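Chain residues, written in single-letter form:
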Amino acid sequence: MMNRCGLITVQKEPVPLKSIEVELEVRDHVATVVSTLNYQNKEDKAVEAVFVFPLPGDAAVCHFSAVIGQKEIVAEVKEKQEAREEYDDALSSGQQAFLLEESEQSPDIFSMKVGGLAPGESASIRLEYVTELAVQADDGLRFCLPAVLNPRYQPQGSEGASVQVFSVPASLVPYTLCFCGRLFSPRPICKVESSCSLDPLQYLNTDQTQATVKLAAGHKFDKDVEVVIYYKDAHQPTAVVEAGQTSAETGTLMGDPVVMVSLYPEFPQSVMSSVDSCGEFVFLMDRSGSMGAPLNNKERHQTRISSARDTLLLLLKSLPMGCYFNIYSFGSSFQHIFPQSVEYSQKTMEEALKKVEEMKANLGGTEILEPLKHIYSHRCIPNHPRQLFVFTDGEVGNTKQVLDLVKKNSGSHRCFSFGIGEGASSALINGLAKEGGGHAQFITGTDRMQPKVMQSLRFALQPAVEDISVTWDLPTGVSVTVLSPPITSIFQGQRSLIYGQLTGKSSEATEGSVTVKYSLAGRPSQNQLHFSLKPAEDTGLTVHRLAARTLIRSLEMEDRDEMGENDGGMKEKVVQLSVQSGVSSSFTAFIAVNKTDGKVIQGPLVHRNVPTAMLYGRAMSRMAMACAAPASFGMKRMLKGKGRSPKTRSHCLLTDGPISQKAVPQVAVHEGACSSDLIKGEVATAPKRVNRDPFMQLVSLQKASGCWTLDPDLAAALGKSREEVEKSKPATVNSEVWATILALIWLHGFKMDAKEEWELLAMKAASWLRAQNAPCVPECVDAGNALLGCSVQKDALML
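Reading the values: rules and limits
- Numbering of residues starts from 1 in each chain and follows the order in which that chain's sequence is written.
- In view of the model being predicted, local features appear only for residues whose pLDDT reaches at least 70, and side-chain atom pairs are presented and counted only at 80 or more, with totals across whole chains, interfaces and linings using the full set of residues.
- Based on all heavy atoms of the structure, the side-chain values leave hydrogens and waters out of the count.
- At least two DSSP bridges between two strands are needed for those strands to be called paired.
- The secondary structure listing takes helices from DSSP runs of H or I that are at least 4 residues long and strands from runs of E that are at least 2 residues long, numbered from the N terminus.
- Axis definition: a line fit to C-alpha positions, over the contact stretch in the case of helices; interaxial angles, taken between N-to-C directions, run 0 to 180 degrees.
- Here, two residues are considered to be in contact whenever any of their heavy atoms come within 4.5 Å of each other.
- What qualifies as a polar contact is a pair of N or O atoms within 3.5 Å, subject to a donor-acceptor requirement within protein and to the restriction that residues adjacent in sequence count only when both atoms come from side chains.
- Pairing of aromatic rings covers Phe, Tyr and Trp, the last counted by its six-membered ring, and requires centre-to-centre distances within 6.5 Å; plane angles under 30 degrees mean stacked, over 60 mean edge-to-face, and any other angle means tilted.
- Exposure is judged per residue with a 1.4 Å probe applied to protein chains only, and the accessible area is read against the type maximum: over 50% gives exposed, under 20% gives buried, and values in between give partly exposed.
- Expected helix span is given by 1.5 Å per residue-to-residue step, counting one fewer step than there are residues.
- Angle categories are assigned with fixed cut-offs, so that under 35 degrees is roughly parallel, over 145 is roughly antiparallel, 65 to 115 is roughly perpendicular, and the rest are oblique.
- Each crossing is labelled by how the near helix is turned from the far one, with a counterclockwise turn of less than a right angle marking it left-handed and a clockwise turn marking it right-handed.
- To form a nonpolar core, buried Ala, Val, Leu, Ile, Met, Phe, Trp, Tyr and Cys residues must be joined to one another through side-chain atoms within 4.5 Å.

Q: What am I meant to see in the sheet that holds strand S11 (residues 141-145) here?
A: Strand pairing in a sheet relies on backbone hydrogen bonds, with the paired strands running either antiparallel or parallel. Ordered in space as S10-S11-S17-S14, the four strands form an open sheet in which the pairing is antiparallel. Each edge of the sheet is formed by a strand with only one pairing partner; in this case those strands are strand S10 (134-135) and strand S14 (189-194). Two strands pair when backbone bridges link them, and S10 and S11 are joined in this way by two bridges, in the antiparallel orientation. Looking across to S11, one finds that Val135 is bridged to Leu141.

Structure representation (structure tokens):
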């Protein structure tokens, strides 16, 4: 009889993981994260616990250890297959073993195996990683602790084994999370915001450069833990030199000093206030079944797809005359509104908006690779740089294939990506922007999609920075090997990071400089930073590990580019660098074996999957979940010896009552299958449309040229009757000029809190008004203010 005390899964199996404790340390824009996972086996047989979980896609995992009783066992990094075999051999011989490995398909998913936990025994597993914090468009630094791991859709015919995830609904996660953080900054910490409930920010000193944050008790695992930190005078260029490891050989990455340079280019205001009127804008929208889920838990009527429709409306209204555009949507298949990009006009805009209005989350799974191939198959339009906007909830299993394709085409476009909802893959969203020379945004919690997307459109409309070069000025005898990929894009207010390995010594000079030169709107520009060569004292090996991670990712991508051409030479380099630096890679794994206590674990091990939280993103009133125990992580392999019991099939369907066949996504279950194989089903009915608010109604009435026409719909959006609007019009002004001025006054008078959303379309309206050379504009502004009860100044309207 199985002992069922303690936590159990949906399938009534005990869960040996009891709690997770996470400690965050942020120094300026670099985060060090230490997670402690506490396991306890309350069964009467020895167990093997398998935990598949998310981490930030750009994290450098640099430590893995286990504490059992008073003994700590520290893992080593080894070639992945070698580590797996050592793990299997240890279990077969009755020893305890611990294995941590990165998914071969997506660098933001890891698998941890705790093998040989004896009855009644406890173990604390420590996992450490470092990562840079992303700069948001509002200047905040974003840290995200992924707590949600949605099933990854694996397109048919894609390479490699699927990422296998064992998930349960967030409300059923059977372990607890404790999260706290310490913040250190050379500048005052203004505030900290979070999508989760935090205890009040505690400052540790009077100048407010040190503080602590703590997650309020009772986290429900219904969202990722997102923390956004705001510093005073945030964007100061910095350079940190870190001394090499004394035990490492000079001339190697870990033995030499490494410099991390953070640059924040500042563009002239004249450039920032201008809007490029050329460009080809391609919008790629996810219409898989999960896009029918609520955008957040507070406003459940607002689904991801309905918010996406409103966002496309704003985008289309904000495009400049003279550009080209097209809209693709994808699921298991893909569609496009026009066979190829068309010139932006009133006719093409209306045709596109009609199709956008009909968009539903009804295209099945998430196959993003094929629509990208189709987009790239079209030649770019001369003098119209291609700007690609990708919207997805980011649940794909072939992340690396997608990123390789974007990188291959990076010379012909910029890619702006948007991760929608909790659990969106950070590796996919950040990778799309990084490889495509664009900018990534995440829409989580109660975030509105529209302001974040419009911020990215502002970036896309900035003149492209060209001819980027980086030069170093170092003392005689000192040289630098750049470890980062070349900088391919620069945006106002966004950080550019450069890692370099320093070799040699200088007897006198103690300072160096780095200069980034580029061409902006046809004018040469540059940013220079002088820095001390004296190593910092408080960084440990953080900078080295981040540099190693950067170089490992570049080499892994080169390996995929040269598949079959280099006889494994690139893989060998990655393994060597990963082992030397102690940073994980797709070709290596952390392995620890408890060889010293002499105990032999008796009998076959009972296999236990530790579930992660899954937000079951389907637009249906009842919850259904298909799951099965994963056979293994990555490649399936035969187990040696008798250390483990045979794998058993275990499938379950959890429901709160009868569910119609149409409402439930179709599930293909096979040996070793799980919820990762779930094909996102078609949403049977369209979401109920709520009445459009006056703001979106006003936006929808704007013409492609930027003007509005005087009609009853406009009057209604302004909250007036047609008679009131027409009666107040100055006699000498035509109706379109009057209607456009009224719309601008209403936006400035009533929607300043949403200015980021309408600023571009207002600029287009003001430009149209100036082109009309209309008389009596001041009189119109006065009359409009009187009608609408506002006091907006003419200068504020950019007239």
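Q: Before we go on, may I ask you to explain the sheet that holds strand S32 (residues 588-594) in this structure?
A: Strand order in the open sheet made by the six strands is S6-S32-S7-S8-S3-S33, with mixed pairing throughout. Each having just a single partner strand, strand S6 (76-79) and strand S33 (606-610) make up the two edges of the open sheet. When the angles between neighbouring strand axes are averaged without regard to direction, this sheet yields 20°. Against the sheet, helix H10 (residues 569-581) contacts S6 and S32, and its axis sits at roughly 170° relative to S6.

Q: Would you mind showing me how to read the environment of Ser585 here?
A: Among the secondary structure elements, Ser585 is positioned in the loop between H10 and S32. Taking the C-alpha atoms as reference points, Ser585 and Val77, 508 residues apart in sequence, are found 9.4 Å from one another. What Ser585 contacts, discounting residues up to four positions off in sequence, is Glu102, Ile552, Glu556, Val574 and Ser578. Separated by 3.1 Å, the side chain of Ser585 and the backbone nitrogen of Phe587 make a polar contact. Looking at Ser585, its side chain comes within polar contact range of the side chain of Thr588, at 2.8 Å.

Q: So what exactly am I meant to see when it comes to the packing of aromatic side chains here?
A: The description of an aromatic ring pair uses the distance of the two centres, along with the angle that the planes make with each other. Under the criterion given, the structure shown has 14 aromatic pairs. When the ring of Phe325 is compared with that of Phe338, the centres are 5.6 Å apart and the planes differ by 85°; the resulting orientation is edge-to-face. Taken together, the residues Phe325 in strand S21 (residues 324-330) and Phe338 in the loop between strand S22 (334-336) and strand S23 (342-343) connect sequence positions 13 residues apart. With a centroid separation of 5.9 Å and 20° between ring planes, the pair formed by Phe389 and Phe418 is classed as stacked. Remark: Phe418 occurs in strand S25 (residues 413-420) and Phe389 occurs in strand S24 (residues 386-392); sequence separation between them is 29 residues.

Q: What is the right way to look at the side chain of Thr392 in this model?
A: Turning to its location among the elements, Thr392 is positioned in strand S24. You can call Thr392 buried: its relative accessible area is 1%. With residues near it in sequence (within four places) discarded, Thr392 still touches Asp286, Phe330, Thr366, Phe418, Gly419, Ile420, Leu428 and Ile429.

Q: I tried to follow the side chain of Thr588 on my own but got confused; where do I start?
A: The topology assignment puts Thr588 in strand S32. Overall, the relative accessible area of 0% leaves Thr588 in the buried class. A distance of 2.8 Å separates a polar atom in the side chain of Thr588 from a polar atom in the side chain of Ser578. Excluding residues that lie within four positions of it along the chain, Thr588 makes contacts with Val77, Lys78, Glu79, Lys80, Val575, Ser578 and Val583.

Q: What should I look at first to understand helix H9 (residues 542-561) in this one?
A: Side chains that are three or four residues apart share a direction in an α-helix, a result of its 3.6 residues per turn. With 20 residues, H9 should cover 28 Å at 1.5 Å per step; its first-to-last C-alpha distance of 29 Å lies within 8% of that length. Of all 20 residues making up H9, 16 are buried, and the element is well covered by its neighbours.

Q: I would appreciate a short explanation of the packing of helix H14 (residues 735-750) against helix H16 (residues 777-788) in the present structure.
A: When two helices pack together, you describe them by how their axes are tilted relative to each other and by the distance separating the axes. Close contact between H14 and H16 brings their axes to 9 Å; oriented N to C, the two are set at 55°. When the axis of H14 is compared with that of H16, the two are oblique. Along this stretch, H14 crosses H16, giving a crossing that reads as right-handed. Every residue of H16 that contacts H14 at Trp738, Ile741, Leu742, Ile745, Trp746 and Phe750 is listed here: Val777, Cys780, Val781, Ala783, Gly784, Asn785, Leu787 and Leu788.

Q: Before we go on, may I ask you to explain the nonpolar core in this structure?
A: Among soluble globular proteins, nonpolar side chains are generally buried collectively. Core analysis: the largest hydrophobic core is formed by 83 residues, its most contacted members being Phe281, Phe283, Leu316, Phe391 and Leu457. Per-element tally for this core: the top contributor is H14, with 10 residues. Among all residues touching Phe281, those that are not within four sequence positions of it are Leu319, Cys323, Tyr324, Phe325, Asn326, Gln387, Phe389, Leu457, Ala460 and Leu461. Of all hydrophobic cores here, the second largest spans 60 residues; its members include Tyr129, Ala147, Val227 and Tyr264.

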